[in-house]
Amino acid sequence: MQENRGMKKWRAFVTMPEQYIGLQNIINKQLEISKSHLTEEQMEQMNYILLEALHTLKTVHITYYKDGRHITKAGVIEFVDSSKDLFVLINEVEEGRNKVRLSDLIDVSFI
């Protein structure tokens, strides 16, 4: 019974979705980080690892920038197209494909 009373306490806050969304947007903005700038040498090294991973099907860890956050995933590189600024990572854990812009890539390494 006490659990229900605790949950009712929060219902008033949830009944104001506009305020909740506004507060969540403010929190998300505060958590945003800026995109890292890489040197030419770092980009060349990552390109080398991506191409090796593509040809050997080795699993890699990638970190990329998306919506103000650094996202890290592991998987196998399926496709790389530098002319379209794109590569595809097959994520075995989530059983899905992630299309990532090469220009958003921050780090890549073999597991």
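Now for a quick tour of the structure.

Analysis parameters
- Residues numbered from 1 in each chain as written.
- Predicted model: local features only at pLDDT ≥ 70, side-chain atom pairs only at ≥ 80, totals over all residues.
- Heavy atoms only, no water.
- Pairing = 2+ DSSP bridges.
- Helix = DSSP H or I, 4+ residues; strand = E, 2+ residues; numbered from the N terminus.
- Buried < 20%, exposed > 50% of the residue type's maximum accessible area, 1.4 Å probe, protein only.

### Re the pairing of strand β1 (residues 59-66)
- In this sheet, strand β2 (residues 69-81) lies alongside β1 in antiparallel orientation, the contact comprising eight bridges. What sits directly across from Y64, in β2, is I71.
- Taken together, the five bridges between β1 and strand β5 (residues 105-110) define a ladder with antiparallel strand orientation. Its bridge partner being in β5, T63 is matched across the sheet by D107.

### Considerations on unusual backbone geometry
- You will see that D67, though not glycine, has its phi angle at about 50°, which is positive.
- Inspection of the secondary structure assignment puts D67 in the loop between β1 and β2.
- Backbone geometry places D85, a non-glycine residue, at a positive phi of 55°.
- In this fold, D85 is placed in the loop between β2 and β3 (86-91).
- For D85, a relative accessible area of 24% puts it in the partly exposed group.

Geometry only, nothing functional implied.
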